[in-house]
Amino acid sequence: MLWIFLGACGGADWCERFNLACDASVDVDPGEDKDNDQWSAEDEIDAGCLGTDVQPDPDELEMIYPGAYEHCDGLDNDCDGEIDEDNRREYWFDNDNDSYGAGEPIVDCQNPPGFVPYEPGAEDCDDADPYTRPNAPERCDNKDNNCDGDANDDYLKQTFYRDADEDAFGDPEQRAQYCEDLVLPGWVSNSGDCDDDEPLVNAGMSELCLDGVDNNCQGQIDEQACTLDAALFSRPDDASGIVLGAFGHTVTVATDVTGDTKPDIVFGDPVNSRIYLLSGPVSGGAELRIADAIRGDDATAAAGYSLDAAGDVNNDGISDVLLGALDIETGLNQKGGVYLLTGPLTAGSIFDEDDLIIAQDQDGVSGLGRQVAWGGDVDADGRDDIVVVDPIDGVSAAVRIWTNVPTDAASPASADATILVENGALELSLAGLGDVTGDGIDDLGIGSPYAVNGAGRSGRVFLAAGPLSGALNASDLIHLTGGNSGDEAGRSVAGITDYNGDGYRDVLIGAPEMAGDAISSGGAVLVYGPITGDQDLRPGIGTFFYGERSGDDAGAHVADGGDMDGDGLSELIISAPGHVHERSALDRGVSYIIPSAGEGMSLRDANAFELRSLEPRLTAVGGFDLNEDGADDVIVGAPKSLSGDFGAIQGSATLLFGPSL
């Protein structure tokens, strides 16, 4: 073996061959393969594998030999005279860390931090947005996400429709393309609105019967799939010409006034001093003409201004009707009075002074007959009683109760019991409540909407617990008082058979100025029996039902709907005569049907039946099965609705059949 020692600056031949500094020393056996790379030192040197100052002996490193892989290590691994030539690549900066770079590339044998390998034609067109890069999925953001030179958003956009009435359904004729997350307010993806000015008309609505509108946008009006099965009654024009009237100003249902054992409907028309008789059973609508009327001999008496079924006051087995009149001609003055029409009644007949049972005194204040009601049996003698409001002056009134009904024109002072309402007695409402105190004796409700409590007209219902007799003062009765100033609780009141299934009768109180979904939208409060003491009508006391819009007057009239759905409990009827329909300011009025055993609610969530009336007044009565299908029905009167062959303002009434709830 040959050993060579090179001293300082000695063996210049070896220094040159090894590219050594002159003072380096190398101990080399030219024939030995120290690094086991199959190449001896001499062979490597002969092949051009020259050492460096860093690594003077190429045979010490197995990675240096002819044909070796060129590593990125600053050495000529393959002995071709070039260093790191196989690992030098181009890289460009990746600012948004999405694995795609941009800008001018750099050359390096290693990937510098923040750089990615350069790929010609794959430049990131927005290196500040990680969602934008070559081959990225296109997003609906008005950007060229995949760097193909086009935003390509159109195929991702959706069609939206203008929703002017904010009912979540848009006008199919007003459409625009938007990205879903960029859609403007007032635009929706549903297009099923055939009247975008009316929020109660859209593809999600149920059809409301007899309102003349395609509520559900199915291309039909009042089709058979109505939410409520109903029948319309009107008093059309007579052959002699147009006769204006107020048909439906009042309406009541009597157990049987014709003697055929079937319930009958009686409609009041005070403009013509008539009532119209519709004998049951009733299965569909009808046009009632003068031949169906029972007329007063005094055509200007305003008979029918108030109306109620009186039970059977003369105990002959046939129901009777109580009729209030405002302007009966008695002597020199026009005074109010009360007629009692005893059954059996016959269409086409006439009532006169022989049927007048109560007449206002000549020196009395006008207004007797404005409110009449059947009182039930408030003295527990087994006979039906009647109740009449007798105005005393501008602020006080007497509620007169006859437990022994007179047979001639008696004075109001002859009443068997009198309840004096001293303050806020304007516009009193009356209702025979049945037994709401739980003692087995019928009770009377007197609503006083203008009763003052504190600083304003909160309103109050006076509950007169039977038995009643003699002189009483309303201040001594049970008080159900509006919870807030201005509520006008007591504008209407009704006894409810049983709403919650506890076996007791309940009381429904209308408060048309109560704040509901809007200021003065109105509403009603249901107070559960038995009621034995004063109560303020606030949340937690009873159940509240709130009106939809300001001015609706929800609660102006309330009624017991009877058992319309067959569950054995009562539905509630709450009317909002001031509710203006969106399609026309001349169309107004809605009656809400509240299913039994429910919780308080906004009336916008209730089953609503729209009517068309020009006057803010609706009356309703329920609790009778008028078509003999086993479910109770409700009839609602709208006294100034359009009807008749010439569109005269004559009034109408609508019968809502129970099972369709």
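For clarity, every value in this text was computed on a predicted model and none was experimentally measured.

Caption draft 1: Looking closely at the overall build of the chain. Helices and strands together make up the secondary structure of the chain, namely 2 helices and 43 strands. Per-residue burial for the chain yields a buried fraction of 51% across its 661 residues. For the chain, restricting intrachain contacts to residue pairs at least 6 apart in sequence, the fraction spanning at least 24 positions comes to 50%. Carbon and sulfur atoms make up 47% of the accessible area of the chain, which totals about 28,200 Å².

Caption draft 2: Inspection of the state of the cysteines at higher detail. Counted by the stated rule, this structure contains 2 disulfides. Paired through a disulfide, cysteine 125 and cysteine 147 show a sulfur-sulfur distance of 2.1 Å. Across the S-S bond of cysteine 125 and cysteine 147 the torsion is about -85°, and the bridge reads as left-handed. Of this pair, cysteine 125 sits in the loop between β5 (115-117) and β6 (158-162) while cysteine 147 sits in the loop between β5 and β6, placing them 22 residues apart in sequence. Judged by relative accessible area, cysteine 125 falls into the partly exposed class, the value being 44%. Across a sulfur-sulfur distance of 2.2 Å, cysteine 194 and cysteine 217 are joined as a disulfide pair. Torsion about the S-S bond of the cysteine 194 and cysteine 217 cystine: about -85°, corresponding to left-handed handedness. Here the residue cysteine 194 occupies a position in the loop between β8 (187-188) and β9 (229-234), and cysteine 217 occupies one in the loop between β8 and β9, the gap between them amounting to 23 residues.

Caption draft 3: Region of the structure containing unusual backbone geometry. For the bond running from glycine 280 to proline 281, omega is 0°, close enough to zero to count as cis. Relative to the assigned elements, proline 281 resides in the loop between β12 (274-279) and β13 (286-287). Following glycine 529, the chain continues to proline 530 via a peptide bond in cis, the omega torsion being 0°. With a phi close to 55°, glutamate 166 is a non-glycine residue in the positive phi region. Along the chain, glutamate 166 falls in the loop between β6 and β7 (171-178). Although it is not a glycine, alanine 302 adopts a positive phi angle of roughly 60°. The topology assignment puts alanine 302 in the loop between β14 (293-296) and β15 (306-309).

Caption draft 4: Fine view of the pairing of strand β3 (residues 89-93). As paired strands, β3 and strand β4 (residues 102-108) are joined by 4 bridges and run antiparallel to one another. Looking across to β4, one finds that glutamate 90 is bridged to valine 107. Inspection of the sheet shows β3 paired to β5 by 3 bridges, in the antiparallel sense. Paired with phenylalanine 93 across the bridge in β5 is phenylalanine 115.

Caption draft 5: Looking closely at the sheet that holds β5. If you trace the 3 strands from one edge of the open sheet to the other, you get β4-β3-β5, paired in antiparallel fashion. The strands lining the two open edges of the sheet, one partner per strand, are β4 and β5. Strand-to-strand twist in this sheet, taken as the mean axis angle between neighbours without regard to direction, amounts to 40°.

Caption draft 6: Up close: the pattern of salt bridges. On inspection of all chains with the given rule, the structure shows 6 salt bridges. The salt bridge partner of arginine 400 is aspartate 390, with a shortest N-O separation of 3.0 Å. Linking arginine 400 in strand β22 (residues 397-402) with aspartate 390 in strand β21 (residues 385-391), this pair joins segments that are 10 residues apart in sequence. Accessibility classification places arginine 400 together with aspartate 390 in one group, the buried group. Among the ionic pairs, arginine 491 bridges to glutamate 488, the shortest N-O distance being 2.3 Å. A single salt-bridge network, built from bridges that share partners, covers Arg457, Glu488 and Arg491.

Caption draft 7: Layout of the environment of isoleucine 531. Mapped onto the elements, isoleucine 531 comes out in the loop between β31 (523-527) and β32 (535-537). Given a relative accessible area of 0%, isoleucine 531 falls into the buried group. Taking the C-alpha atoms as reference, isoleucine 531 lies 8.9 Å from leucine 463; in sequence the two are 68 residues apart. Beyond its immediate chain neighbours, meaning those up to four positions away, isoleucine 531 contacts Val436, Thr437, Leu463, Ile478, Leu480 and Val507.

Caption draft 8: Structural view of the sheet that holds strand β27 (residues 470-473). The strand order β20-β21-β22-β23-β27 describes an open sheet built from 5 strands, whose pairing is mixed. Because the sheet does not close on itself, it has two edges, and the strands there are β20 (372-376) and β27. Between one strand axis and the next, the sheet turns by 25° as a mean value, whatever way the strands run. Looking at chain direction, β21 and β22 are connected through 6 bridges and run antiparallel. The residue of β22 that forms the bridge with valine 388 is arginine 400.

Caption draft 9: Focus on the packing of aromatic side chains. All told, the structure shown has 4 aromatic pairs when counted by the stated rule. For the ring pair phenylalanine 93 and phenylalanine 115, a centre distance of 5.5 Å and an interplane angle of 65° mean the geometry is edge-to-face. Of this pair, phenylalanine 93 sits in strand β3 while phenylalanine 115 is found in strand β5, placing the two residues 22 residues apart along the sequence. Judged by its relative accessible area of 23%, phenylalanine 115 is partly exposed.

Caption draft 10: Geometry of the confidence of the model for the chain. Taken residue by residue, the chain gives an average pLDDT of 79. The fraction at 70 or more is 79%. A low-confidence stretch, residues 1-15 stays under pLDDT 50, and its non-local contacts, those more than four residues away or across chains, total 33 contacts. In this model, residues 224-228 is a region of pLDDT below 50 whose contacts with residues beyond four sequence positions or in other chains number 15 contacts.

Caption draft 11: Geometry of the side chain of aspartate 98. As for its placement among the helices and strands, aspartate 98 is situated in the loop between β3 and β4. Ignoring any residue separated from it by four or fewer positions in sequence, one finds aspartate 98 in contact with Asp124, Asp127, Asp129, Pro130, Thr132 and Arg133.

Caption draft 12: Quick peek at the environment of isoleucine 574. When you line up the elements, isoleucine 574 lands in strand β35 (residues 571-580). Put simply, isoleucine 574 and aspartate 560 are 14 residues apart on the chain and 9.1 Å apart in space, counted from C-alpha to C-alpha. Setting aside residues no more than four positions away along its own chain, isoleucine 574 makes contact with Leu508, Ala524, Phe545, Ala554, Gly555, His557, Val558, Val590, Ser591, Tyr592, Ile594 and Leu603.

Caption draft 13: Here's a closer look at the side chain of aspartate 196. Here aspartate 196 lies in the loop between β8 and β9. Nearest to the buried, unbridged aspartate 196 among oppositely charged side chains is arginine 162, at 5.9 Å. Polar contacts involving the side chain of aspartate 196 include one to the main-chain amide nitrogen of alanine 164, which spans 2.6 Å. With sequence-adjacent residues up to four places away left out, aspartate 196 is seen in contact with Arg162, Asp163, Ala164, Asp165, Asp167, Phe169 and Asp171.

Caption draft 14: Structural context of the environment of glutamate 85. As for its position among the elements, glutamate 85 is in the loop between α2 (41-46) and β3. When its relative accessible area of 21% is taken as the criterion, glutamate 85 is described as partly exposed. On a C-alpha basis, the gap between glutamate 85 and histidine 71 in space is 8.6 Å, while along the polypeptide they are 14 residues apart. Leave out the neighbours within four places in its chain, and glutamate 85 touches Glu70, Asp78 and Asp80.

Parameters at a glance
Residues numbered from 1 in each chain as written. Predicted model: local features only at pLDDT ≥ 70, side-chain atom pairs only at ≥ 80, totals over all residues. Heavy atoms only, no water. Helix = DSSP H or I, 4+ residues; strand = E, 2+ residues; numbered from the N terminus. Buried < 20%, exposed > 50% of the residue type's maximum accessible area, 1.4 Å probe, protein only. Contact = heavy atoms within 4.5 Å. Areas by Shrake-Rupley, 256 points an atom, 1.4 Å probe, with all protein chains shown as cover. Disulfide = S-S within 2.5 Å. Pairing = 2+ DSSP bridges. Axes fitted to C-alpha atoms, helices over the stretch in contact; angles between N-to-C directions. Salt bridge = Lys/Arg side-chain N within 4 Å of Asp/Glu carboxyl O. Phe/Tyr/Trp six-rings, centres within 6.5 Å; stacked < 30°, edge-to-face > 60°. pLDDT = per-residue confidence, 0-100. Lys, Arg positive; Asp, Glu negative; His and termini not counted. Polar contact = N/O pair within 3.5 Å; in protein donor to acceptor, adjacent residues only side chain to side chain.

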